[in-house]
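# Survey of secondary and tertiary structure
Each chain, letter by letter, is given below.
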Amino acid sequence: MADQKKCAHAACTCMTDKKYCSKFCEDRKDTAEIACECGHPGCKGDIAS
Ligand SMILES: [Zn+2]
Ligand SMILES: [Zn+2]
Ligand SMILES: [Zn+2]
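Rules behind the numbers
- Residues numbered from 1 in each chain as written.
- Chains lettered and ligands numbered in written order.
- Predicted model: local features only at pLDDT ≥ 70, side-chain atom pairs only at ≥ 80, totals over all residues.
- Heavy atoms only, no water.
- Donors = N, O, S within 2.8 Å, 3.2 Å for Na, K, Ca; no water.
- Buried < 20%, exposed > 50% of the residue type's maximum accessible area, 1.4 Å probe, protein only.
- Salt bridge = Lys/Arg side-chain N within 4 Å of Asp/Glu carboxyl O.
- Helix = DSSP H or I, 4+ residues; strand = E, 2+ residues; numbered from the N terminus.

## Thoughts on the coordination of the zinc ion (ligand 1)
- Of the protein atoms, only Cys 12 (SG), Cys 36 (SG), Cys 38 (SG) and Cys 43 (SG) coordinate the zinc ion (ligand 1), at distances of 2.3 to 2.5 Å.
- All donor residues of the zinc ion (ligand 1) come from one chain, and their arrangement in sequence is C-x23-C-x1-C-x4-C.
- Metal-to-metal, the separation of the zinc ion (ligand 1) and the zinc ion (ligand 2) is 3.8 Å; Cys 12 coordinates the two.
- Look at Cys 36 and you get buried, because its relative accessible area is 8%.
- The buried category is assigned to Cys 38, whose relative accessible area is 15%.

Okay, structure coming up:
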């Protein structure tokens, strides 16, 4: 069974067995964005209403 943990992107709430859930997050690892746009269902990176 894979060891699932939160994506390392600060704004992303995806669970993944890699460091990042997607190339999107990996590319933005050094960017402190307030919203994640990785596009995965269930990701709550978007804190806007
Ligand atoms: Zn995300
Ligand atoms: Zn992510
Ligand atoms: Zn994601």
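So, next bit.
## As for the pattern of salt bridges
- Summed over the entire model, instances satisfying the criterion amount to two salt bridges.
- Residue Asp 17 pairs with Lys 18 through a salt bridge whose shortest N-O separation is 3.8 Å.
- We classify Asp 17 as partly exposed; its relative accessible area is 42%.
- Among the residues examined, Lys 18 registers a relative accessible area of 55% and is labelled exposed.
- Between Asp 27 and Lys 23 there is a salt bridge, with its nearest N and O atoms 2.9 Å apart. One end of the pair, Asp 27, and the other, Lys 23, are both in helix H1 (residues 23-27), four residues apart, so they sit about a helical turn from each other.

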